[in-house]
Amino acid sequence: MKRWLWVAFVIALCAACLMGATAINPLNMTAVEHDILLNLRLPRVLFGAVIGAMLGLSGSVYQLTLKNPLADSFTTGAASSAALGAILAISFGAPAPLVPCCALVTGLLGLTLVYRLSLTNGFINPVTMILAGIVMNIVASAVISFSKYFFEESISSIVFWLMGGFFIVSWGRLLVCALVFLVVYLSFRQRALHLNLLALDECSAQTMGVNVPRLRSFAFVAATLLVAIAVSYTGIIGFVGLIVPHIARSLFGSDMRHNLLYSSLLGALLLVIADAVARVIIPGGAELPVGIITALLGGIFFLYLLQTRRERFWHG
Amino acid sequence: MAELQAEKLSFGRRNFSLQIDSLRIVAGEKVAVMGENGCGKSTLLQLLCGLLSPTAGVVRYNGNNLDELLMARRAKLFSLLPQLSEVIFPFSVYEVVLFGRFPHCSGNSFSRQDDEKTRLLLARLDLLDFSQRPFNQLSGGEQRRVMLARVLNQQAEIIYLDEPNASLDIRHTLDIFALLSARPETVIAPVHDINLAYRFFERFLFLKQGRLLADVARKDVTPELLKETYGVQVTTGTAVFQFHH
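Note that this is a predicted model, so its numbers are computed, not measured.

Conventions used here
- Residues numbered from 1 in each chain as written.
- Chains lettered and ligands numbered in written order.
- Predicted model: local features only at pLDDT ≥ 70, side-chain atom pairs only at ≥ 80, totals over all residues.
- Helix = DSSP H or I, 4+ residues; strand = E, 2+ residues; numbered from the N terminus.
- Rg over C-alpha atoms; globule rule 2.2 N^0.38 Å.
- Buried ≥ 20, exposed ≤ 12 C-beta atoms within 10 Å, placed from the backbone.
- Contact = placed C-beta atoms within 7 Å.
- Core = buried A, V, L, I, M, F, W, Y, C linked by C-beta atoms within 7 Å.
- Expected span 1.5 Å × (residues − 1).
- Axes fitted to C-alpha atoms, helices over the stretch in contact; angles between N-to-C directions.
- Parallel < 35°, antiparallel > 145°, perpendicular 65-115°, else oblique.
- Left-handed = near helix turned anticlockwise from the far one by under 90°.
- Nonpolar A, V, L, I, M, F, W, Y, C, P; charged D, E, K, R; others polar.
- Pairing = 2+ DSSP bridges.
- pLDDT = per-residue confidence, 0-100.

1. Brief notes about the overall build of chain B
A count of helical and extended segments in chain B gives eight helices and 10 strands. By the compact-globule yardstick of 18 Å for 245 residues, chain B fits well, its C-alpha radius of gyration being 18 Å. Reported as C-alpha extents along the three principal axes, the dimensions of chain B are approximately 50 × 50 × 35 Å. With 245 residues in all, chain B has 40% of them scored as buried. Excluding contacts between residues fewer than 6 apart, the proportion of contacts in chain B whose partners are at least 24 apart in sequence is 70%.

2. Structural notes on the overall build of chain A
The helix and strand tally for chain A stands at 13 helices and two strands. Radius of gyration (C-alpha) of chain A: 19 Å, near the 20 Å computed for a compact globule of 316 residues. In terms of overall dimensions, chain A has C-alpha extents of about 65 × 50 × 35 Å along its principal axes. Across the 316 residues that make up chain A, the buried fraction comes to 50%. Residue pairs in contact within chain A that sit at least 24 positions apart in sequence constitute 75% of those at least 6 positions apart.

3. Things to note about the nonpolar core
In this structure, Met54(A), Ala82(A), Ala83(A), Ala86(A), Leu226(A), Val231(A) and Tyr160(B) are the most contacted members of the largest nonpolar core, which totals 164 residues. The element contributing the most residues to this core is helix 12 (residues 256–280) of chain A, with 14 residues. The contacts of Ala83(A), once residues within four sequence positions are left out, are Ala103(A), Ala140(A), Ile144(A), Trp161(A), Val231(A), Gly235(A) and Ile236(A).

4. With respect to the interface of chain B and chain A
Opposite the 24 residues of chain B that make contact, chain A presents 21 residues. Broken down by secondary-structure element, the contributors of at least two residues to the side of chain B that touches chain A are helix 2 (71–77), strand 6 (78–81) and helix 3 (93–99) of chain B. In terms of residues, the side of chain B that touches chain A owes the most to one element, helix 2 of chain B, which gives four residues.

5. Looking at unusual backbone geometry
Within the chain, Lys67(A) stands out as a residue other than glycine whose phi angle is a positive 50°. Inspection of the secondary structure assignment puts Lys67(A) in the loop between helix 2 (31–65) and helix 3 (78–91). In this model, Phe89(B) sits at a positive phi of 70°, which is unusual for a non-glycine residue. Structurally, Phe89(B) can be placed in the loop between strand 6 and helix 3.

6. Comments concerning helix 5 (residues 140–153) of chain B
Residue and element names in this part refer to chain B. A rise of 1.5 Å per residue sets the reference length of helix 5, with its 14 residues, at 20 Å; its end C-alpha atoms lie 20 Å apart and thus fit the reference within 8%. Here helix 5 lies mainly inside the structure; 11 of its 14 residues are buried. Listing the buried residues of helix 5 in full gives Glu142, Arg144, Arg145, Val146, Met147, Leu148, Ala149, Arg150, Val151, Leu152 and Asn153. Lining the buried residues of helix 5 we find strand 6, helix 3, helix 4 (112–124), strand 7 (158–161) and helix 6 (170–182). At the exit of helix 5 stands Gln155, carrying a positive phi of roughly 50°.

7. Side note on the packing of helix 3 of chain A against helix 4 (residues 98–118) of chain A
All names here are of chain A. Running from N to C, helix 3 and helix 4 point in directions that differ by 140°, and their axes come no closer than 7 Å. Relative to helix 4, helix 3 is oriented oblique. The handedness of the crossing between helix 3 and helix 4 is right-handed. Where helix 3 abuts helix 4, its residues Ala78, Ser81, Ala82, Ala83, Leu84, Gly85, Ala86, Leu88, Ala89 and Ile90 lie against Leu98, Val99, Cys102, Ala103, Leu104, Val105, Thr106, Gly107, Leu109, Gly110 and Leu111. Partitioned by chemical class, the residues of the contact of helix 3 with helix 4 number 16 nonpolar, five polar and no charged.

8. Side note on the pairing of strand 6 of chain B
Regular strands show a simple pattern: their side chains alternate between the two faces of the sheet. Residues and elements named next belong to chain B. Side chains Phe78 and Leu80 of strand 6 all project onto a buried face; the interleaved residues Ser79 and Leu81 project onto the opposite face, where all are buried too. With four bridges connecting them, strand 6 and strand 7 associate as parallel partners. Each residue of the ladder has a partner; that of Leu81, found in strand 7, is Leu161.

9. Focus: the environment of Gly57(B)
All names here are of chain B. Here Gly57 shows up in strand 4 (residues 56–61). The class for Gly57 is partly exposed, based on 16 C-beta atoms found within 10 Å. Between the C-alpha atom of Gly57 and that of Leu9, which follows or precedes it by 48 residues, the distance is 4.2 Å. For Gly57, the residues in contact, after removing those within four places along its chain, are Ala6, Glu7, Lys8, Leu9 and Ser10.

10. Observations regarding the confidence of the model for chain B
When pLDDT is averaged along chain B, the result is 92, and 99% of the positions lie at 70 or above. Scoring of the predicted complex yields 0.91 for pTM and 0.91 for ipTM.

11. Considering the environment of Ser109(B)
For Ser109(B), the location among the structural elements is in the loop between helix 3 and helix 4. For the pair Ser109(B) and Leu127(B), spaced 18 residues apart in sequence, the C-alpha separation works out to 23 Å.

Written as structure tokens, this is what we have:
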């Protein structure tokens, strides 16, 4: 099973490289096609894979630390508040490297706010958390739209931020994302056993030797770092982190020692496929923002989870 | 083995306060904490575990201040079965009990010894049949036994159990109390069933409205003391059913 997943991932990567406005036949390429493949398609597909892995990993960690099967960067409000920070930084003319930093700060503020709101007597109320996340999204989207109108009157860039898409890809950005993902993944991997214990109630985890507040803070910061960088480069791509941790858990069990890796891998797979579809679904070479496709999939999945888990979800 | 000491411990929260002047529990004692709902039993346990910070006073283990002990060290000194425990995601019973070995494992994986201990404990607590089932699908009493196995698997020197027999049937209650009283560890447990506590524990702390009313050995538990603690009339020798293991 695990091997087949990797095989599927490699096949998806190759197929995605060949799909697009101009379909490329690898056996018979012109010089132009060769150029498109190496300088446009390949970085874009890899970028999609890394962003997908970042979102999948962050979703896996959010669901665990917030004890909520419906948590991901989108439903917690982390992504939209990160986007807000990024846009404000861009609007006020901050230098490019500062943009993800601002996104991280506002993302953490948004997430902390949602977390605090949903905390009652030491237990997280999952329903309040989702509601607070939705409100966070609405407010952040409103401010994003406002500042976009105010500063540049450009509808297309609002669509970019709110729907997400891989419109600007460079090897430099790809490298930054890959490095950040790798560092965060490895630091979570090192603490995978500790993370497992966060699935238990706080009293049990704490008396089993885990410094729960410290580990949770670390998880929040590291997962939001992934989201902040992903959002700064690709806008808000929702629901990837909601879907894949569930699939990874049902395929390979709940143990975080496996879930971290397979949530990342499945996130990468999902986003590579979604992006390939976004590139070819409209005839004539136009591109769909990839966030529309993930939102469609994620929305349906969200409803499915609500239906199957409703009993336990509402009553704790 | 660990010795527990608490001095001038006090804790306040809105309209509740807990005050323990002095408490010393030596290694291996079996202590039942008695008192009505809301008298501070769970709060006392949380203070002793460092889950709550006292407004004043200190808790010491083997003479070491609890504040200064690292989490990893604490987990080897004491384990806790909280009143409510939860596990999100479908972790299996086996995995949950194995988690108890966490303080003893180095790096990111459990050893073969951890696996063996887990299997032994599952067998001992009558849990082998559903060791591969998801924890969340078990009944309340079964979940309680799994959590108890998790706590015992930690092999800490002091075991805090907040109402260990809550939602357990009489057979498993007797079995678990017999198991606990035979173990070398210190056991400190709030228990609501007075007759059961009287049978299996040696020392009794009576709490009333956050104060330590009495700290007595089994032979000094009297109907008068129970009457004062719980505010009910007490007579002896009228049990309708007697249960034996």
